[in-house]
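# Inside the fold
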Amino acid sequence: MNPFDKAFNPAQFEARVEARWREGDLFRARPDTPGSAFSMVIPPPNITGRLHMGHALNNTLQDILARWHRMHGSDVLWLPGTDHAGIATQMVVERELIREGSGREALGREEFVRRVWKWKEEYGGAIASQLRRLGASCDWSRERFTLDPGLSRAVREVFVRLYEEGLIYRDKFIVNWCPGCRTAVSDLEVLPQETRGQLTTIAYPFAEGGGSIHVATTRPETMLGDTGVAVHPEDPRYRALIGRRVVLPLVGREIPIVADPFVDPQFGTGAVKVTPAHDPNDFAAAQRTGLPAIVVMDGQARMNDAVPAPYRGLDRFAARERVLADLGAAGAIVAVREHFHNVGRCQRCQTVIEPLLSTQWFVRVKPLAAPAQQAVADGRVRFTPAHWVNSYNEWMENIHDWCISRQLWWGHQIPAWHCGNCAHITVARDTPAACGGCGGTALRQDPDVLDTWFSSALWPFSTLGWPESTPELRRYYPTTILVTAFDILFFWVARMIMMGLKFMGDVPFRQVYIHGIVRDAQGQKMSKTRGNVIDPLEVIERHGTDALRFTMAAMATPGSDLPLAEERLAGYRAFANKIWNATRFVVMNLDESAANSPPPGLPPHAELTLPDRWILSRLQGLTRSVGASIEACRFDEAANALYQFLWHEYCDWYLEMAKPFLVAAAQPAETARTRAVMVEVLDAVLRLMHPFMPFLTEELWSRIPHAGDLLAVAPLPVPDPSLDDPVAEADMAIVMEIVGRVRNIRAELNIDPGRRLPLLYDTREERPARTLAATAAILTSLARLDRLEAGGRLDREGPAARAVAVGVDLAVPLAGVLDLEAERRRLQREVDRLTTERDGHARKLANPDFLERARPEAVEKTRHAHAEVAERLERLGRTVASIS
RNA sequence: AGGCGCGUAGCUCAGGGGGAGAGCGCUACCUUGACACGGUAGAAGUCAGCGGUUCAAAUCCGCUCGCGCCUACCA
């Protein structure tokens, strides 16, 4: 074992501890063992991913749950894995090819896909090893990848079944087309962005002459694909024009004026140009009114051959300029004004999305959404925090069909085959030998792949072996809980619920814990462009994994984001250091041989001193509250309770009180008893703390007397009601108050901290008297006294600083040193404070309504508090009088 | 436009009908044999504003202001 360094240095043990866990094979789920199971699937990070703060937060919280339940005795499955991330991964590899002077087209599909697999083998594992570094206690033997054979089989099975039920269909429809990625994307992958643009009003002349109708547009280039003009059927300005024809400028095509209620008479001119192939509203209107659709752009958003020659081949934005110039020259522009509107951009590449009519595959989601909504409504899936149910319901109610085909090469190729002879499409689990329509054998598989989220939606059961009924599937589905951030509530969570219900007949998880996202100290989203990214791996190097994890846990307040500041990390690193040194202190005060022997166990209760009984009682409270907090996913509460207990109760008070019993001059029996209690409590708190700070606690636990091999699989402490001791807690409150009073005197009267002081006390009450007598050695040590004397008149020794504690008058004789003026000010402040407090209580008690209507306990409590403060104030008043 | 959330100490945030709290920061003092990544003491708040309910409101309700986010539409 390494020497016990004075300072905590995580780099020294983290890797070693991780290796011990790995060698111990501790995190493997055991589906065949009896007892309760706890299961969770990881939100699979992209194979292109590198650990960021979002992962750190998400996986820290999951790991806390996994470790907690493992130590609680459950059979824990935390299933890890990665997502093939269609577009993202394809882009990474394409960029690589471009750097090599090649490209995806040059390689061809088969070779390209081989290349991406190669990339995956090389780099796709990085994120998993970074998760290990974070301490993630996943069952790595069950790691999955969304393109694994097993998961691919599940994908095909789901696709075929949905197709056979008519819930997947292929149709020509307006979709969100990304000209940058050259694929369709779903509604969720389009991010609206407020943009300053122009609203141009154009005159379309009537075919038979005699004027024109004015239409307004923000995308003038699309007019080349107009097939009509729409007005509201009730609009009196235009009613007479319905059915007349206009000539499309620059194109010369005659198009009709039609009526459709989608037109808002209040907006623009109240007349709308209709471009069915490039606008969803126009498409819908065209379907209702029978207008044809003309696609005017290619996959890269360049004008195609359907437009007049001058515009062909122009990029859509160049075409826009050209159209505007030509319309201007032709005198067709009526007005141009600045206009702010939302422009949809691609989530991946930020290219402006072009609505485009094309043939795609869709999932009819409404029939899946209804049961999914029901499952949440009746509590089969519980959302934490619950308010997310609102967003979930709203989305489910307004859900549109899901475009699942992507014009990519990396992903699950759609299991549909087109026939060379007939129009039939054969959808099958395995490559069919012949067309299901005509029996022809000239089959070509649909080139498109599925949206990555399609396979993610199956993750909770595809990873457990579905469609086989495996032991894993039977035991771990539905999973206990899903931990995720709100930004993928619709992308992922909602779809998993739909698919789980559809194919497993049950929800995929019983609870969803939705956490916030990590931001910078100013609350800004972290992004490379802002340059405010805090890299978790760098934090781990600077402060250690445990400080990072504890920060994540302590900041994980439900329903809010986490503004992460460097000081916060440093603060929890200091906490780790505190734990390190507390353990160091304990170990230094044990027999040298003790570390490798089992803990001595608690001495008989009758031998325990007040501090022993106090800290043990506090520990029971801590054990209960941490357990309750974890159950409620209040990681912040649990972390704060541990922090408070370890630092401000165990270190600040218990270990300080233990010191007099650990010196060579102490009674051997007292030393042994103190050692036993301080080890017992430290052992318990290291166990409770382990899920939060696994590396540090594992390392320290191995250095104190412990039973068992590894803390990661040691049992959690169980609250022991026989150690609850409210009397000890109340008595310790007296001791703590008296020590505080003396320290206050010392600090406020500027007395040398090193100087030992005499303390006289006077009490007529039995309990404080007994407590003080029993804790004389402790008081002497903590308050740095040289004399502690009971009874008698406190003023007999001349000038003294005074204080009153609960039931006790105190005097610190300070002949020759006391600054009387300072002392008077100090006491006056205390008198003022108590007076305010007493008057507050008195006011309430003088109110008959309060006495009559408030709960009797509340009245009693106020009476008690009033009496107490009044009594104390009276004693203080006498004390002040006696010195002046 | 609709929905959700938030406004509490200088900063970041807990709390949520009867005592205004934590961490960091700040001030003063202290290298006391675990820890200066430490110790002790202290200063610091109109709990956004207005109104209501209540014996009692930071807490519940309504409105206003400010901030953030989500969803939809925007020719």
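Residues numbered from 1 in each chain as written. Chains lettered and ligands numbered in written order. Predicted model: local features only at pLDDT ≥ 70, side-chain atom pairs only at ≥ 80, totals over all residues. Heavy atoms only, no water.

With that settled, consider the overall build of chain A. Counting its secondary structure elements, chain A contains 28 helices and 29 strands. Here chain A has a C-alpha radius of gyration of 37 Å; the compact-globule value for 884 residues is 29 Å, and the former is much larger. Seen along its three principal axes, the alpha-carbon backbone of chain A occupies a region of about 120 × 60 × 55 Å. Per-residue burial for chain A yields a buried fraction of 54% across its 884 residues. (Helix = DSSP H or I, 4+ residues; strand = E, 2+ residues; numbered from the N terminus. Rg over C-alpha atoms; globule rule 2.2 N^0.38 Å. Buried < 20%, exposed > 50% of the residue type's maximum accessible area, 1.4 Å probe, protein only.)

As a further point, take the sheet that holds strand S15 (residues 382-384). Pairing in this open sheet of three strands is parallel, and the strands run S15-S23-S22 from one edge to the other. Among the strands making up the open sheet, the edge pair consists of S15 and strand S22 (479-485). For this sheet, the mean angle separating the axes of adjacent strands, direction not counted, is 20°. Examined bridge by bridge, S22 and strand S23 (residues 509-515) share six bridges and lie parallel to one another. The partner of Leu482 across the bridge, within S23, is Val512. (Pairing = 2+ DSSP bridges. Axes fitted to C-alpha atoms, helices over the stretch in contact; angles between N-to-C directions.)

Inspection of every chain in the model, using the stated rule, returns 66 salt bridges. Between Arg767 and Asp731 there is a salt bridge, with the nearest N and O atoms lying 2.7 Å from each other. Residue Arg767 is located in helix H24 (residues 766-774), and its partner Asp731 is located in helix H23 (residues 726-748); the two are separated by 36 residues in the primary sequence. Note that Arg875 is salt-bridged to Glu871, the shortest N-O span being 2.8 Å. Of this pair, Arg875 and Glu871 both sit in helix H28 (residues 856-883), separated by four residues, roughly a single helical turn. Overall, the relative accessible area of 33% leaves Glu871 in the partly exposed class. Through salt bridges with shared partners, a single network forms among Glu737, Arg741, Glu830, Arg833, Glu868 and Arg872. (Salt bridge = Lys/Arg side-chain N within 4 Å of Asp/Glu carboxyl O.)

To continue, consider the packing of helix H19 (residues 610-631) against helix H21 (residues 668-689). At their nearest, the axes of H19 and H21 sit 11 Å apart, and the two run at 10° to each other. Between H19 and H21, the angle falls in the class roughly parallel. Between H19 and H21 the crossing geometry is left-handed. Counting all contacts with H19, which are made through Asp612, Ile615, Leu616, Leu619, Leu622 and Thr623, the residues of H21 involved are Arg673, Val677, Val681, Ala684, Val685 and Leu688. (Parallel < 35°, antiparallel > 145°, perpendicular 65-115°, else oblique. Left-handed = near helix turned anticlockwise from the far one by under 90°. Contact = heavy atoms within 4.5 Å.)

Next up on the list: the confidence of the model for chain A. Averaged over all residues, the pLDDT of chain A equals 92, while 99% of them reach at least 70. Here the predicted complex carries an ipTM of 0.95, next to a pTM of 0.93. (pLDDT = per-residue confidence, 0-100.)

This next bit is on empty space enclosed by the protein. Counted according to the given criterion, the structure contains one cavity of 30 Å³ or more. In this structure, the largest cavity encloses a volume near 30 Å³. Residue lining of the largest cavity: Thr609, Pro611, Asp612, Tyr654, Met657, Ala658, Phe661, Arg673 and Thr674, and that is the complete set. Elements with a minimum of two residues in the lining of the largest cavity: H19, helix H20 (635-662) and H21. (1 Å grid on protein atoms, 1.4 Å probe; cavity = no way out; pocket = protein on both sides within 12 Å on 5 of 7 lines; lining within 4 Å. Points joined across faces, edges and corners; volume = space filled by probe spheres on them.)

Right, let's get into the environment of Pro598. If you trace the backbone, Pro598 turns up in the loop between helix H18 (566-588) and H19. By relative accessible area, which is 55% here, Pro598 ends up exposed. In this structure, Pro598 is in contact with Pro705 and His706, ignoring residues within four places of it in sequence.

Turning our eyes to something else, we now look at the pairing of strand S9 (residues 228-231). Burial along S9 is two-sided: Gly228 and Ala230 and Val229 and Val231, pointing in opposite directions, are all buried. With four bridges joining them, S9 and strand S12 (residues 271-274) adopt antiparallel strand pairing. Bridge pairing in S12 places Val229 opposite Lys273. Of the pairings in the sheet, the one linking S9 to strand S11 (residues 254-259) comprises three bridges and is parallel in character. Within S11, the residue paired with Val231 across the bridge is Ala259.

Aromatic ring pairs are reported here in terms of the distance separating the ring centres and the angle at which the planes meet. Scanning the entire structure with this criterion turns up 33 aromatic pairs. For the ring pair Tyr513 and Phe635, a centre distance of 5.5 Å and an interplane angle of 80° mean the geometry is edge-to-face. Of this pair, Tyr513 sits in strand S23 while Phe635 is found in helix H20, placing the two residues 122 residues apart along the sequence. Exposure remark for Tyr513: the relative accessible area of 1% places this residue in the buried category. Through successive ring pairs, a cluster of aromatic residues spans Phe550, Tyr572, Phe575, Tyr643, Trp647 and Phe692. A cation over an aromatic ring shows up here: Lys120 above the ring of Phe145, its NZ or CZ 4.1 Å from the ring centre. A cation sits over an aromatic face here: Arg495 above Trp402, 3.9 Å from the ring centre. (Phe/Tyr/Trp six-rings, centres within 6.5 Å; stacked < 30°, edge-to-face > 60°. Lys NZ or Arg CZ within 6 Å of the ring centre and 35° of its normal.)

Of the residues making up helix H6 (residues 126-133), those classed as buried are Ile127, Ala128, Gln130 and Leu131. Down the axis of H6, the smallest arc covering the buried residues is 160°, so these residues share one side. Against the buried residues of H6 lie helix H2 (53-71), strand S3 (81-82) and helix H16 (536-543). One or two positions beyond H6, positive phi appears at Gly135, with a value near 95°. (Arc of directions from axis to C-beta.)

The next subject is unusual backbone geometry. Across the junction of Thr384 and Pro385, the peptide omega takes the value -5°, indicating a cis bond. Within the secondary structure layout, Pro385 lies in the loop between S15 and helix H11 (388-397). Non-glycine residue Gln350 carries a positive phi angle of around 65°. A positive phi angle is found at Arg784, which is not glycine, with a value near 55°. Looking at the element boundaries, Arg784 is found in the loop between helix H25 (776-782) and strand S27 (785-790).

Attention now moves to the environment of Ala423. Its place among the elements puts Ala423 in the loop between strand S18 (416-419) and strand S19 (425-427). Ala423 sits 12 residues away from Cys435 along the chain, and the two C-alpha atoms are 9.8 Å apart.

Attention shifts here to the protein's contact with RNA strand B. Taken together, the neighbourhood of RNA strand B is formed by 53 residues, with Ala216, Thr217, Val272, Asn281 and Arg853 sitting nearest. In the interface set of RNA strand B, defined as its atoms within 4 Å of the protein, sugar plus phosphate atoms amount to 65%. Separating a base oxygen of RNA strand B from a side-chain N or O atom of Lys578 is a distance of 2.9 Å. Elements supplying a minimum of two residues to the surface near RNA strand B: strand S8 (212-217), strand S13 (333-346), H11, H18, H20, H23 and helix H27 (848-853). The element contributing the most residues to the surface near RNA strand B is H18, with 10 residues. (Near = heavy atom within 4 Å. Polar contact = N/O pair within 3.5 Å; in protein donor to acceptor, adjacent residues only side chain to side chain.)

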